[in-house]
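Chain by chain, the residues:
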Amino acid sequence: MKATQRDFVNLAPRAAQTMRVFFLCGTDDASVQDAAFRIASLLPDAGERVEFTGAELKRDPVRLGDEARSTSLFGDTRHIWVRCSGDEAHDAVENLISSDVAPCPVIIQAANASDKSRTAKLLEKRDDALVAMFYPPDLASVTASVRQMADAAGAPMDRELAQRIAAAVGLDTRLAASEVTKLALYLDATPERPRPASLEAFEAVGAKTEEDGFTTLVNTVLNGDSGRLKAELRRMAELELNPVGLLLAFERRVAQLAQLAGRLGTNPDISAFMEGEKASRRVFFKDVPDLSRQLRIWRGRPLARLAQRLMALHRSLMVNNQTAELLLAQELAEIARYAKSRC
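I will try to describe carefully the structure that is included in this document. This one's a predicted model, so the numbers in the text were calculated from it and none came from an experiment. (Residues numbered from 1 in each chain as written. Predicted model: local features only at pLDDT ≥ 70, side-chain atom pairs only at ≥ 80, totals over all residues. Heavy atoms only, no water.)

### Focus on the packing of aromatic side chains
Evaluation of the coordinates by the stated rule reveals four aromatic pairs. Aromatic pair Phe8 and Phe134: ring centres 5.3 Å apart, planes at 80°, arrangement edge-to-face. Taken together, the residues Phe8 in helix α1 (residues 5-18) and Phe134 in strand β6 (residues 129-134) connect sequence positions 126 residues apart. With respect to burial, Phe8 and Phe134 carry one shared label: buried. (Phe/Tyr/Trp six-rings, centres within 6.5 Å; stacked < 30°, edge-to-face > 60°. Helix = DSSP H or I, 4+ residues; strand = E, 2+ residues; numbered from the N terminus. Buried < 20%, exposed > 50% of the residue type's maximum accessible area, 1.4 Å probe, protein only.)

Quick look at the structure:
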């Protein structure tokens, strides 16, 4: 079965009850990860989690099927979580579905893969499998989502404030939900007793992204602003910013740049193009200078290599959590040096 990003929310509860293989892919790794956690939380009896990387399954394609059809040491239930890139797990999935014995639930979080990939083609017509692809959100869609969250929380707001929140959290709907929850608590609002949210209330409780968020560091690195990098890395350490969360902010910005570069095409006038994007409300007006600069640096092959490098770094951080901050700082310094060389 194949689902769109919009369909997924409604399909997920039924799919988790009836299906055995979930192939979740797309260019927005944060949304893919959210979807994987959503499926895992909805499994009727998730039991023990067994994790594999794509590299492990590529080396031993039989292992996934064997593990999915075996029982744990104490006979408990289990589910399998695969984190892979592209079609790394293709042969393992092919072996998995070749048997008539039903496997335990298998969740495949496939970065840099699409619903047109070889693995997706294996699964999309099966009744026991779900293929879903996730795209990076744009400003307009996250703004609409923020307004829906606010209405549900009893803190309705106008589009301008919702857009401000969407931009402040870097288009991350998880962070946006947290901001809306804080606003509702601050206003003592409930669905039964709604209280309109205001800009003043948001500024009183909202995240100050210029001081303690990710945006400044993301722009410093991708702009090649090496003069500010040392101070930003020190700020990252002092504020104990979560390395994986920060990396997700970079991944979302790279996905946004890929979308913009696709729409820009061969048009040499980046300034005029960005003005059009701002007028269409696809980008926040405060982001226009940084996005314009980054489009001049990161397009074509350099942008593709950057995306691959961030995905490799993401996998490294997940398995080296003790040194994650150091690994991230070293990689960001390398990326900033490259960006500066292209300025």
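Now that the structure is up, let's keep going.
### Description of the sheet that holds strand β1 (residues 2-3)
Spatially, the six strands line up as an open sheet ordered β1-β6-β2-β5-β4-β3, and their pairing is parallel. Edge positions in the open sheet fall to β1 and β3 (48-53), since each of these has one partner strand only. Sheet analysis places strand β4 (residues 78-85) next to strand β5 (residues 106-111), joined by six bridges and oriented parallel. From the neighbouring strand, Cys84 faces β5, where its bridge partner is Ala110. On the sheet, α1 packs against β1, β2 (21-26) and β6 and is oriented at approximately 155° with respect to β6. (Pairing = 2+ DSSP bridges. Contact = heavy atoms within 4.5 Å. Axes fitted to C-alpha atoms, helices over the stretch in contact; angles between N-to-C directions.)

### Overview of the pairing of β5
Most of β5 is tucked away: six of the six residues are buried. Taking every second residue as pointing to the same face, both faces of β5 are buried, with Val106, Ile108 and Ala110 on one and Ile107, Gln109 and Ala111 on the other. Bridge analysis of β2 against β5 gives six bridges, and the strand direction is parallel. The residue bridging Leu24 from the neighbouring strand is Gln109, located in β5. Between β4 and its parallel partner β5, the chain crosses via helix α5 (residues 90-96), and the hand of that crossover is right-handed. (Right-handed = clockwise from strand over helix to strand, strands pointing away.)

### A word on the packing of helix α17 (residues 301-319) against helix α18 (residues 324-341)
Closest axis-to-axis distance for the α17/α18 pair is 10 Å, and the angle between their directions is 170°. Overall, the two elements α17 and α18 adopt an arrangement that is roughly antiparallel. Facing Pro302, Arg305, Leu306, Arg309, Leu310, Leu313, Ser316 and Leu317 of α17, the residues of α18 in contact are Ala324, Leu327, Leu328, Glu331, Glu334, Ile335 and Tyr338. Among the residues forming the contact of α17 with α18, the class breakdown is 10 nonpolar, one polar and four charged. (Parallel < 35°, antiparallel > 145°, perpendicular 65-115°, else oblique. Nonpolar A, V, L, I, M, F, W, Y, C, P; charged D, E, K, R; others polar.)

### Thoughts on the environment of Ala255
In this structure, Ala255 sits in helix α14 (residues 243-264). The class of Ala255 is buried, set by a relative accessible area of 7%. For Ala255 and Leu122, which are 133 residues apart along the polypeptide, the C-alpha to C-alpha distance reads 26 Å. Non-local contacts of Ala255, meaning those with residues more than four positions away in its chain, are made with Thr27 and Pro136.

### Re the packing of helix α12 (residues 215-222) against helix α13 (residues 226-238)
Between α12 and α13, whose axes approach to 10 Å, the crossing angle comes to 145°. In this structure, α12 meets α13 at a crossing whose hand is left-handed. On α13, the residues touching Thr216, Leu217, Thr220 and Val221 of α12 are Arg228, Leu229, Glu232, Leu233, Arg235 and Met236. Of the residues belonging to the contact of α12 with α13, the class tally is five nonpolar, two polar and three charged. (Left-handed = near helix turned anticlockwise from the far one by under 90°.)

### Things to note about the pairing of β4
Counting buried positions along β4 gives eight out of eight residues, so the element sits mostly inside the fold. The alternating pattern of β4 places Arg78, Ile80, Val82 and Cys84 and His79, Trp81, Arg83 and Ser85 on opposite faces, both of which are buried. Here six bridges tie β3 to β4, and the two strands are oriented parallel to one another. Paired with Thr53 across the two strands is Arg83, which belongs to β4.

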